[in-house]
Amino acid sequence: MKDLAAYIRDVPDFPKKGIVFKDITPLLGDAGAFAGTVAALAAPFEGRGVSKVVAAEARGFVFGAGVALRLGAGFVPARKPKKLPWKHREAKFELEYGTDSLAIHEDAVSPGENVLLVDDLIATGGTMAAVARLVEDAGGKVVGCAFAIELSFLNGRARLGGYEVHSLIKYDAP
Ligand code: AMP
């Protein structure tokens, strides 16, 4: 397996001062690193009856779709509410750099379905906690959460206390 961290580019002060943005585009641009990341994200959840993968707009879609294909699961986009054309449920949350909300269509997750949550990165954990609320409000069962990158120093895992959380690349400091 490639050293995935070597494909993450640190961009200081983006999108605002004090944030070190983890740019995943070098990783996505390398066929082996991209495929290896998707395979590693899916690995802990193989054979566990996952029937839907839910991922957050927009970078989460890139990994989430790949993971869904590997697991033989459907894919559900969690999007900014105004982007969804059909009836949806919405959850608000705080970001490391702002406030936001995400939504899924009312019929995207069925009661009792096993759902895996995927995103490119966990910072404070607010985004994924909101996605988990959306899934559980729909009656879905959250099997776990998978992230390519974890900013461990922000302790986002604490926000996802009840869930199994896996991440591939961990940063102990900004
Ligand atoms: P959080 O809700 O605080 O866990 O933030 C996670 C979401 O914000 C993910 O969808 C990331 O894409 C994005 N994000 C937060 N902090 C960063 C960062 N330092 N670099 C890149 N993306 C980030």
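For the structure itself, consult the block above.
Bear in mind that the values here come from a model prediction, so they are computed numbers and not experimental data. (Residues numbered from 1 in each chain as written. Predicted model: local features only at pLDDT ≥ 70, side-chain atom pairs only at ≥ 80, totals over all residues. Heavy atoms only, no water.)

A. Quick peek at the overall build of the protein chain. Along the protein chain, the regular secondary structure elements total four helices and nine strands. Taken from the N to the C terminus, the helices and strands of the protein chain come in the order β-β-α-α-β-α-β-β-β-β-α-β-β. Against the compact-globule benchmark of 16 Å for 174 residues, the protein chain has a radius of gyration of 15 Å, which places it among compact chains. Counting every position in the protein chain, which comprises 174 residues, the buried fraction comes to 47%. If you take every contact in the protein chain between residues at least 6 apart in sequence, the share linking residues at least 24 apart comes to 57%. A distance of 3 Å separates the average location of the 21 positive side-chain charges in the protein chain from that of its 21 negative side-chain charges. (Helix = DSSP H or I, 4+ residues; strand = E, 2+ residues; numbered from the N terminus. Rg over C-alpha atoms; globule rule 2.2 N^0.38 Å. Buried < 20%, exposed > 50% of the residue type's maximum accessible area, 1.4 Å probe, protein only. Contact = heavy atoms within 4.5 Å. Lys, Arg positive; Asp, Glu negative; His and termini not counted. Charge placed at Lys NZ, Arg CZ, Asp CG, Glu CD.)

B. Local environment of the side chain of Thr127. Residue placement: Thr127 occurs in helix α4 (residues 126-137). Residue Thr127 is classed as buried on the basis of its relative accessible area, which comes to 16%. When sequence neighbours within four positions are dropped, the list of residues in contact with Thr127 reads Ala56, Phe93, Leu95, Leu102 and Asp119.

C. Geometry of the pairing of strand β4 (residues 74-78). Where strand β3 (residues 52-56) and β4 come together, five bridges link them in parallel fashion. Directly across from Ala56, in β4, lies its bridge partner Ala78. (Pairing = 2+ DSSP bridges.)

D. Structural view of the packing of helix α2 (residues 31-42) against helix α3 (residues 59-71). Closest axis-to-axis distance for the α2/α3 pair is 9 Å, and the angle between their directions is 65°. The two elements α2 and α3 cross, and the hand of that crossing is right-handed. Between α2 and α3, the contacting residues are Phe34, Thr37, Val38, Ala39, Leu41 and Ala42 on the first element and Val62, Phe63, Gly66, Val67, Arg70 and Leu71 on the second. (Axes fitted to C-alpha atoms, helices over the stretch in contact; angles between N-to-C directions. Left-handed = near helix turned anticlockwise from the far one by under 90°.)

E. Structural detail: the nonpolar core. Membership of the largest hydrophobic core comes to 29 residues, with the highest contact counts inside it found for Val53, Val67, Leu71, Leu116 and Ile149. Elements with a minimum of two residues in this core: α2, β3, α3, β7 (114-122), β8 (141-151) and β9 (165-171). Counting residues per element, this core draws most heavily on β8, which supplies five residues. Non-local contacts of Leu116, meaning those with residues more than four positions away in its chain, are made with Phe45, Val50, Lys52, Val53, Val54, Val67, Leu71, Gly144, Cys145 and Ala146. (Core = buried A, V, L, I, M, F, W, Y, C linked by side-chain atoms within 4.5 Å.)

F. Seen up close, the pattern of salt bridges. One pass over the structure, following the stated rule, counts 11 salt bridges. In this structure, Lys80 and Asp100 form a salt bridge, with 3.9 Å as the shortest nitrogen-oxygen distance. One end of the pair, Lys80, is in the loop between β4 and β5 (88-95); the other, Asp100, is in strand β6 (residues 98-105), with 20 residues separating them in the sequence. Residue Lys80 is classed as partly exposed on the basis of its relative accessible area, which comes to 31%. In this structure, Arg157 engages Glu150 in a salt bridge whose closest nitrogen and oxygen atoms are separated by 2.8 Å. Under the relative-accessibility criterion, Arg157 is labelled partly exposed at 31%. (Salt bridge = Lys/Arg side-chain N within 4 Å of Asp/Glu carboxyl O.)

Functional significance is not addressed by these values, which are geometric in nature.
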